[in-house]
Amino acid sequence: MRERRRSHRIFLQGQVHLTLGGKNFEFPLADVSVTGVGIMLDVAVLGARPSGEVGVCRIESPELASPVEAFVSVMRIRRVGHQHLVGLRFESISDEQLAVLQAHASA
């Protein structure tokens, strides 16, 4: 199966803080691009499949000039072994926050 991507992804070390469905979560960062972020999590963490649900995420990584915060929606959930790779699409991100990601991508 070939993966379709709208933009190049960047693997970063760091954390994603996610507020979704009135709950707060913290996950290790899997990857990020200018269109969204990927997180790895255990199967039961988010409960029922929250596809399309909108929340707020903050990406923190020592590799970025500053934390990045954006409104996201759950775009895709794919099983990888005993975990899920969850794709969060940026629904609303400021130009300044996007510039932080673009600067890292071009470095």
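Use the structure listed above.
Only a predicted model underlies this, so the values are computations on that prediction, with no experimental measurement involved.

Cut-offs and rules
Residues numbered from 1 in each chain as written. Predicted model: local features only at pLDDT ≥ 70, side-chain atom pairs only at ≥ 80, totals over all residues. Heavy atoms only, no water. Phe/Tyr/Trp six-rings, centres within 6.5 Å; stacked < 30°, edge-to-face > 60°. Buried < 20%, exposed > 50% of the residue type's maximum accessible area, 1.4 Å probe, protein only. Pairing = 2+ DSSP bridges. Helix = DSSP H or I, 4+ residues; strand = E, 2+ residues; numbered from the N terminus. Expected span 1.5 Å × (residues − 1). Contact = heavy atoms within 4.5 Å. Axes fitted to C-alpha atoms, helices over the stretch in contact; angles between N-to-C directions.

**Student:** When you look at the packing of aromatic side chains in this model, what are you seeing that I'm missing?
**Tutor:** Aromatic ring pairs are reported here in terms of the distance separating the ring centres and the angle at which the planes meet. In the structure shown here, the tally under the stated rule is one aromatic pair. Seen in terms of ring centroids, phenylalanine 25 and phenylalanine 27 are 5.7 Å apart; in terms of plane orientation they differ by 15°. Their pairing is stacked. Side by side, phenylalanine 25 and phenylalanine 27 carry an identical accessibility label, which is buried.

**Student:** Hey, could you run me through the pairing of strand β5 (residues 68-80) in this one?
**Tutor:** Residues in a regular strand point their side chains to alternate faces of the sheet. Relative to β5, strand β4 (residues 54-60) runs antiparallel, the two sharing six bridges. For valine 56, the partnering residue across the bridge sits in β5 and is phenylalanine 71. Alignment of β5 against strand β6 (residues 83-92), held across nine bridges, turns out to be antiparallel. Its bridge partner being in β6, arginine 78 is matched across the sheet by leucine 85. In this antiparallel pair of consecutive strands, β5 and β6, the connection spans two residues, and glycine 81 shows a positive phi of 65°.

**Student:** I would appreciate a short explanation of helix α1 (residues 95-106) in the present structure.
**Tutor:** Residues separated by three or four positions in an α-helix point in the same direction, a consequence of the helix having 3.6 residues per turn. Here α1 spans 16 Å end to end across twelve residues, near enough to the 16 Å set by a 1.5 Å rise per residue. On the buried face of α1, the contacting elements are β2 (23-32), β5 and β6.

**Student:** Honestly, the sheet that holds β4 in this entry has me stumped. Any pointers?
**Tutor:** Sheet strands associate in pairs through backbone hydrogen bonding, adopting either a parallel or an antiparallel arrangement. Strand order around the closed barrel formed by six strands is β1-β2-β3-β6-β5-β4, with antiparallel pairing between neighbours. Adjacent strand axes in the sheet meet at a mean angle of 45° when their direction is disregarded. Note: strand β1 (residues 15-20) against β2, six bridges, orientation antiparallel. Paired with leucine 18 across the bridge in β2 is phenylalanine 25. Sheet strands touched by α1: β2, β5 and β6. Its angle to β5, the strand with the most contacts, is close to 55°.

Function cannot be inferred from these measures alone, as they are strictly geometric.
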